[in-house]
Structure formats: C-alpha cells, structure tokens
Amino acid sequence: MTTQGDGRIEIRGGGLLALTALLLLAFSAMVAMPFNISGIVDGFAASNAAAGTVASIEMAAVAVSVLFCARFIARVPPQRVYLTALIVLAVVHLATLTVSQVEVLYGTRLIAGLAAGAVVATVMGIAGRSTTPEATFGVINSCVGVMGMLLALILPRALRLGEWLPGELRPVDGLYLVYFVFALLALAFVRRAPAPPAVSPTTAAGAVSAPLPWHGWLALFGLGLIFFGHALLAVFIVEIGLAVPLTAEVIGIVFLFGSGFGVVAPLVAGWLGVRIRAAVPVLVVLLALIGTGLLLARAATPLAFYIAGPFYAMMPIAMMPFVLGALSRVDLSGRLAGAHPAFVMLGGAAAPLIGGAIRDFSGDFIGNGLAMAVCVAVGSALLARTVLASDRLRASHAAPPAATAKAG
C-alpha cells in the first residue's frame, strides 16, 4: 500500500478484497433483514410490529454508530476498530441464540447494530481515501449485490439447521449462527485490510483534518432524501407486480435480472468514474430514476413492469460510485464517505411508514411515484454543489501547467 502526500492511499488487489470482505461479513445481518423479520415472527411467536421494531432498532443503531465513528476515521487505527467491533458482533450473534423473549432481543440487536456500524463507517471512510475512489466504491457496491444473491441461497437453508444439528435450535437460530460464523471469518481479513496512517494537522496530509465543507453535509442530506424517495415506491414493487398481474415466480425472475444489473452497474460506474467527471452521469441516472419510477407507478401491463421494475430497484446503486467519488474528492479524510450509510439507512427506514400512508391516501401508486419524483428532484439539488465542486477539483488537477511566455 502506497500513501500520497495528500493522505490518499492506493487500494487494490488483496487489500481491496479484504476491505470488501470486512464490510460484507460484518453487515450481513442488515442485508438479510427480511429473513430476520420472518424468522423472529416464527421463532419468538412475535407480532409483525414487534419484529419490525427489532429491525428498526438495529438499523437505527447502525446509523448512529456510523455518524459517531465517521468523526474519528482519520485518527483511530482501523485494525483496533475492526477487532473490537467484530468480537462484540460475534459474541452478540451467539448470545442471540440464547434469547427467548423478543424484548431482550431489542437489546442484543441494538449492540449488534452499533458494532456493525463501526465496521461500516471505517471501511467506507478508508475507501474514501483511495486514489481512485470511484473504482473502489464500484467494486464494494457490486459485491454487496453479490452478497445479497448469496444470502438468498444460504439463509433459507440456515432456517433448516435445526433439522440437521442436535439440540433445540429454532429456525431463526440458524440465521444468527450464520452471522456468527461470518463475524469469525471477518477476523481473518483484519490484517490484510488497508490501514492508512493516522493523520493530524501537523502531518504532510494535514488537509485530511480540515473542517468538512458545508455543501458536503447538504449532499449527504440530499443522498438520504433520494433514497427515501426511492423507497417510497420501491417498498410496493412486489405489490405492483402482483396487480399487473404477474405471479410471484415471474416477479422473482424479473428481480433476479435486476440483481444482475445491480452487480454490473456499479462496476461500470466505477470504471467510468475514474475517467470522466461525475455531473453528467449523476444527472442521467437521476433522470432515469424518476422516469422508471413514474413508469412503474403507472404500470398496467407486464411489459411496463419488465422495463421499469428491475431498473428502478437498482438505479441508486448505479449512481453511488460517482456520488461517493465526489464526496471523497471534496473531503480527503473520508469522513463524508464514511458517514453516508447513516443518511441512506435513515432515509430508507422512514419510507415504509410514510409510503404506506401516501398509498392509503391516494388509493393507487401514482401518489407514491409523484412523491418519489419530488424527493429525488430536491435531493439532486442538494447534491449538485458537491458534485460540481468535485468536478472542478478534477479539472484543476488534470490541467497542464500554463506555458511560459517567450520573451519578445
């Protein structure tokens, strides 16, 4: 790993693999939240509201932890964060197997969310200090899509572990046993992960300790608003497909294709992001998000659903390498990039309740589509200053020195 004078580091090969593995293995319980909710309902004889509360507590804990830990990314050795958080995460996952009351589960999953958030903030912050942040984030986001597909294969079988192992294992225990194993596996990647040196205002990379630009925080709020607007309609995608009408099996096939797009798109975006400025691609993706969303909200035929559904679901992922690259270029410390999961998760967590209210009030999905379009438009305006500032920085660094005038 090489470090530049401005504090940026080169992340590639084994280092990038280790960084990605740490994120995926620590964050697996969040990616698989729908499985957790279903397992909690069955395993604890809990209501859907109680299981949803567990999910909300865990996601809120991740968001709070990300916001807190992102402040110290450039100052605390990352290995210390990883080791502490992963050990806590493994212990809590294992302890969850012994819990018999859903009220106790609130506490165990709160601790798990805080530990997972520390890993997420640290990984994203270090990725933000990459010499090519767009490519780094492209690989990470693509692998999140791959992880989602793998979990969809692994976790249904984990729910049946009680049939194969001795003892009194509930189906939900199989899920948390898998997460426990993942946390242990993550420990193997701690030493291989990039560990940039801590910085202070007196170092050569003192710029990374500078105050964060105000427009960077506006961009984070804008990003959260875009994901909130996206989720206002996305939570009803299956319901829209069933109303077209399509069978659940066909909808699954459609979104298998969408998952493939979610894997390829970040890689393409990361490759492009290193080579071109961000403003035009971000604008194109956001316009496509609004267009596919409005088409999906009015979908009345299978063809409209086939076109709009999978692309709308995955469009924000295609934008992220460009946006995170922009955040990383205006903030060399990686703190803005490290904090972004909190805004994304808070926006997504608030959407089901509000989206349901809009659906009930409007009587169809068009109201959700219009609300989505407004949120994406406002969020885009909040993002614009940071994206344009990033492009100006790229232009200034790429510009050749002015030619020296010849004496007459």
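Worth saying up front: this structure is predicted, and the values here are computed from it rather than measured.

Student: Explain the packing of helix H10 (residues 214–234) against helix H13 (residues 279–297) to me, please; I cannot follow it from the model alone.
Tutor: The relative placement of two packed helices is expressed as an angle between their axes plus a distance between the axes. Two elements in contact, H10 and H13, have axes separated by 10 Å at closest approach and are oriented at 20°. On the basis of the axis angle, H10 is roughly parallel to H13. Of the two elements, H10 crosses H13, and the hand of that crossing is left-handed. Facing Ile 226, His 230 and Leu 233 of H10, the residues of H13 in contact are Leu 286, Leu 289, Gly 293, Leu 296 and Ala 297. Looking at the contact of H10 with H13 residue by residue, the classes come out as six nonpolar, two polar and no charged.

Student: Would you explain a nonpolar patch on the surface in this entry?
Tutor: A cluster of nonpolar side chains, Val 64, Val 88, Leu 110, Ile 111 and Leu 114, forms an exposed patch at the surface whose accessible area comes to about 370 Å². Looking at the nonpolar patch, the element that brings in the most residues is helix H6 (residues 102–127), giving three residues. Following the sequence through the fold, Ile 111 ends up in helix H6. On the accessibility criterion, Ile 111 (41% relative accessible area) is partly exposed.

Student: Would you mind going over the pattern of salt bridges with me for this structure?
Tutor: A side chain of one charge can pair with a side chain of the opposite charge if their charged atoms are brought near each other. Counted under the stated rule, the structure contains six salt bridges. Between Glu 134 and Arg 394 there is a salt bridge, with its nearest N and O atoms 3.5 Å apart. Taken together, the residues Glu 134 in helix H7 (residues 133–158) and Arg 394 in helix H16 (residues 366–398) connect sequence positions 260 residues apart. The same class applies to Glu 134 and to Arg 394, which are both buried. One salt bridge in this structure joins Glu 239 and Arg 359, with 3.4 Å as the shortest N-O distance. Of the two residues, Glu 239 is situated in helix H11 (residues 237–243) and Arg 359 in helix H15 (residues 335–362); the sequence distance between them amounts to 120 residues. Among the ionic contacts, a cluster of salt bridges with common partners joins Glu 134, Arg 329 and Arg 394.

Student: Looking at this model, I keep getting lost on the nonpolar core. Mind explaining?
Tutor: For soluble globular proteins, the rule of thumb is that nonpolar side chains tend to be buried together. Counting residues in hydrophobic clusters, the biggest one holds 117 residues, and the most contacted among them are Ile 40, Tyr 82, Leu 86, Phe 305 and Met 319. In terms of residue count, helix H14 (residues 302–330) provides more of this core than any other element does, 15 residues in total. Beyond its immediate sequence surroundings of up to four residues, Met 319 is in contact with Leu 223, Ile 226, Val 282, Val 285 and Leu 286. With six residues, the next largest nonpolar core counts Phe 228, Ala 231, Ala 351 and Ala 371 among its residues.

Reading the values: the criteria
- Residues numbered from 1 in each chain as written.
- Predicted model: local features only at pLDDT ≥ 70, side-chain atom pairs only at ≥ 80, totals over all residues.
- Heavy atoms only, no water.
- Axes fitted to C-alpha atoms, helices over the stretch in contact; angles between N-to-C directions.
- Helix = DSSP H or I, 4+ residues; strand = E, 2+ residues; numbered from the N terminus.
- Parallel < 35°, antiparallel > 145°, perpendicular 65-115°, else oblique.
- Left-handed = near helix turned anticlockwise from the far one by under 90°.
- Contact = heavy atoms within 4.5 Å.
- Nonpolar A, V, L, I, M, F, W, Y, C, P; charged D, E, K, R; others polar.
- Patch = residues over 30% accessible without salt bridge, like charges linked within 9 Å, V, L, I, M, F, W, Y side chains within 5 Å.
- Areas by Shrake-Rupley, 256 points an atom, 1.4 Å probe, with all protein chains shown as cover.
- Salt bridge = Lys/Arg side-chain N within 4 Å of Asp/Glu carboxyl O.
- Buried < 20%, exposed > 50% of the residue type's maximum accessible area, 1.4 Å probe, protein only.
- Core = buried A, V, L, I, M, F, W, Y, C linked by side-chain atoms within 4.5 Å.

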